[in-house]
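Fold and geometry: a report
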Amino acid sequence: MLIKPAYSPPEVWRDLVHELKRAARDRKHPMRSFVLSSQGPEGPDACYVVLRHFTDEPALLFYTDGRSAKYQNLQQESHTCSVFYHPRQRFQLRCYARARCHQGDERAQKYWQEVPAPGRKAYTPDYAPGTPLPAPETAHQWSRLSDSQFFSVVELLPYRWDVLQLDGGAHRRLIFTRAANSWEGRWVAP
Ligand SMILES: Cc1cc2nc3c(=O)[nH]c(=O)nc-3n(C[C@H](O)[C@H](O)[C@H](O)COP(=O)(O)O)c2cc1C
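Residues numbered from 1 in each chain as written. Predicted model: local features only at pLDDT ≥ 70, side-chain atom pairs only at ≥ 80, totals over all residues. Heavy atoms only, no water.

1. Details of the side chain of His86
- You can see His86 is positioned in strand E5 (residues 79-86).
- Beyond its immediate stretch of four places on either side in the chain, His86 contacts Glu19, His29, Pro30, Met31 and Phe91. (Helix = DSSP H or I, 4+ residues; strand = E, 2+ residues; numbered from the N terminus. Contact = heavy atoms within 4.5 Å.)

2. Here we look at the pattern of salt bridges
- Evaluation of the coordinates by the stated rule reveals ten salt bridges.
- Of the charged contacts, one joins Arg14 and Asp15 as a salt bridge, the two residues approaching to 3.0 Å between their closest N and O atoms.
- Residue Arg14 is classed as partly exposed on the basis of its relative accessible area of 46%.
- For Arg172, the salt bridge goes to Asp167, with nearest N and O atoms at 2.9 Å.
- Assessed through its relative accessible area of 13%, Arg172 is described here as buried.
- It is possible to trace a salt-bridge network through shared partners that takes in Glu57, Arg100, Arg107 and Glu155. (Salt bridge = Lys/Arg side-chain N within 4 Å of Asp/Glu carboxyl O. Buried < 20%, exposed > 50% of the residue type's maximum accessible area, 1.4 Å probe, protein only.)

3. Overview of the pairing of strand E9 (residues 182-188)
- Relative to E9, strand E8 (residues 172-179) is paired through seven bridges, and the arrangement is antiparallel. Its bridge partner being in E9, Leu174 is matched across the sheet by Trp187.
- Linkage of E8 to E9, two consecutive antiparallel strands, is achieved through a turn of two residues, within which Ala180 is found at a positive phi near 50 degrees. (Pairing = 2+ DSSP bridges.)

4. Description of the site of the ligand
- Within the structure, the ligand sits among Ser33, Cys47, Tyr48, Val49, Val50, Tyr63, Thr64, Ser68, Ala69, Lys70 and Pro129.
- Interatomic distance of 2.8 Å between a backbone N/O atom of Tyr48 and an oxygen atom of the ligand.
- Ala69 places a main-chain nitrogen or oxygen 3.2 Å from an oxygen atom of the ligand.
- Taking 620 Å² as the accessible area of the ligand by itself, protein coverage stands at 58%.
- Put simply, the parts of the chain that give the shell around the ligand at least two residues each are strand E2 (43-50), strand E4 (60-65) and helix H2 (69-76).
- The dominant element in the shell around the ligand, judged by the number of residues it contributes, is E2, at four residues.
- For the shell around the ligand, a count of residues per class yields seven nonpolar, three polar and one charged. (Near = heavy atom within 4 Å. Polar contact = N/O pair within 3.5 Å; in protein donor to acceptor, adjacent residues only side chain to side chain. Areas by Shrake-Rupley, 256 points an atom, 1.4 Å probe, with all protein chains shown as cover. Nonpolar A, V, L, I, M, F, W, Y, C, P; charged D, E, K, R; others polar.)

5. Some words on the nonpolar core
- Formed by 33 residues in total, the largest nonpolar core has its most connected members in Leu16, Leu20, Leu93, Leu156 and Trp161.
- Secondary structure elements with two or more residues in this core: helix H1 (9-25), strand E1 (33-40), E4, H2, strand E6 (91-103), strand E7 (151-165) and E8.
- Considering each element in turn, this core owes the most residues, seven residues, to H1.
- Once residues within four sequence positions are removed from consideration, Leu16 is found in contact with Leu2, Phe91, Leu93, Trp161 and Val163.
- Within the second largest apolar cluster, eleven residues are counted, among which are Ala59, Ala108, Tyr123 and Leu157. (Core = buried A, V, L, I, M, F, W, Y, C linked by side-chain atoms within 4.5 Å.)

6. Structural notes on the packing of aromatic side chains
- Counted by the stated rule, this structure contains eleven aromatic pairs.
- A ring pair is formed by Trp112 and Phe151, whose centres lie 5.2 Å apart and whose planes are at 50 degrees; its orientation type is tilted. Here the residue Trp112 occupies a position in helix H3 (residues 106-114), and Phe151 occupies one in strand E7, the gap between them amounting to 39 residues.
- According to the relative accessible area criterion, Trp112 is buried, its value standing at 3%.
- Each member of the aromatic cluster is reached from another via a ring pair, and the members are Trp13, Phe54, Trp161, Phe176 and Trp183.
- A cation over an aromatic ring shows up here: Arg67 above the ring of Phe150, its NZ or CZ 3.8 Å from the ring centre.
- When the ring centre of Trp142 is taken as reference, the NZ or CZ atom of Lys121 above it lies at 4.3 Å. (Phe/Tyr/Trp six-rings, centres within 6.5 Å; stacked < 30°, edge-to-face > 60°. Lys NZ or Arg CZ within 6 Å of the ring centre and 35° of its normal.)

7. Re the side chain of Glu155
- Here Glu155 shows up in strand E7.
- There is a polar contact of 2.6 Å between the side chain of Glu155 and the side chain of His102.
- Those residues in contact with Glu155, other than ones at most four positions away along the chain, are Glu57, Ala59, Leu60, Leu61, Arg98, Ala99, Arg100, His102 and Arg107.

So, in structure tokens, the structure goes:
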């Protein structure tokens, strides 16, 4: 349980940070992937992405192909909402953040060096995500496997967190917003 009955907001914040750091390191963690929603030209869009890093800033980082719709959306409109759910601890986390996009810059190069060769395939296919194909296998072509041209890193810079703890008939919900150098938690009705 993340929001234990006697917990204060700072205690919840401490445990939340711990959980996100673990999620970024552990492939099997239930919060390793999350649903990112963005604003597209035709309205809201959402998809799963993998949490690659959770930094002290704090920022949540994921990687993508710069040709993908989500990356194009984020370049136009940087407001995002991401949703996580931890089934065992039974809490939902919504993270409202501005996206900072990196493609072909120093930051993208730094993380590209850490992506092992097999993982690079996700960011280097010949066909851009969403390209119409005559058959699915047409997409499985990589003639520039070591080319980092499309590899992109997105930093999500949170400005608001909304945590809902399910607990029988006694659900609890906390909103965290920035206050100087810390995060201020306020209880709200679940
Ligand atoms: C569990 C899971 C994790 C995913 N992680 C990523 C990711 O980290 N980066 C990414 O670009 N796509 C990821 N995807 C694929 C996206 O959800 C999406 O289908 C794809 O990137 C095309 O998105 P687009 O509409 O932006 O072109 C993941 C999909 C699943 C099911």
